[in-house]
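# Overview (structure and organization)
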Amino acid sequence: MTETQRGLCCHEAGHAVVAWSFGVPVIAVYVSFSVARGWQGGTKYYWRSRALHYMDRATSLAAGRAGEELFDCPAHYSAWLADLSEISVLLNANGISEDEHWARVTEARECARLILKNHRERAIKLVNRLAEAGHVGDAEFLRLMTK
Ligand SMILES: [Zn+2]
């Protein structure tokens, strides 16, 4: 497993654990390889978090990067850029002006980092399991989160 692959595991574990901490049900977390796209990761939710305050949604989106930073293992930068553009769309939709975006992103990142610190052991278990299996389904995810 390369650093980038492990970084991607940290990234996805960040999203999944923070979303879970907000009560968003996680269906699956995965990392996979394809020749066309290289290594990609994803987290699937039963519902995406429409019911959450937009800053909680921004925090869930920023959590990928926060996971990479906290566990000191960077994924490819494009993973973070994709999340950043989603945060931007979300902030625009909530009437936040562009010049305030970076402050909100910083706040979301900091908040995600604190949540991940609180759940550090759980997040690390998830990172390790993802690195090993490439896929963690809902039942296993809940087991890892509740142990
Ligand atoms: Zn992401």
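This section reports on the structure supplied with the text.

Rules used throughout
Residues numbered from 1 in each chain as written. Predicted model: local features only at pLDDT ≥ 70, side-chain atom pairs only at ≥ 80, totals over all residues. Helix = DSSP H or I, 4+ residues; strand = E, 2+ residues; numbered from the N terminus. Buried ≥ 20, exposed ≤ 12 C-beta atoms within 10 Å, placed from the backbone. Pairing = 2+ DSSP bridges. Axes fitted to C-alpha atoms, helices over the stretch in contact; angles between N-to-C directions. Contact = placed C-beta atoms within 7 Å.

The phi angle of most residues is negative, glycine excepted, and most peptide bonds adopt the trans form. Backbone geometry at Asp-72 places phi at a positive 55 degrees, although glycine is not the residue there. Along the chain, Asp-72 falls in the loop between helix H2 (54–70) and helix H3 (77–93). Residue Asp-72 is classed as exposed on the basis of its C-beta count, with 8 C-beta atoms lying within 10 Å.

With that settled, the discussion passes to the sheet that holds strand S1 (residues 26–34). Strand order in the open sheet formed by three strands is S2-S1-S3, with antiparallel pairing between adjacent strands. Bordering the open sheet on either side are strand S2 (38–45) and strand S3 (135–137), each of which pairs with just one other strand. The mean inter-strand angle of the sheet, taken between neighbouring strand axes irrespective of direction, is 15 degrees. Both S1 and S2 contribute to a ladder of eight bridges, which runs antiparallel. Note on S2: the bridge partner recorded for Val-26 is Tyr-45. Contacting S1 and S3, helix H5 (residues 120–133) crosses the sheet at an angle of about 120 degrees to S3. Together, S1 and S3 form the strand contacts of helix H6 (residues 138–146), whose direction differs from that of S3 by roughly 85 degrees.

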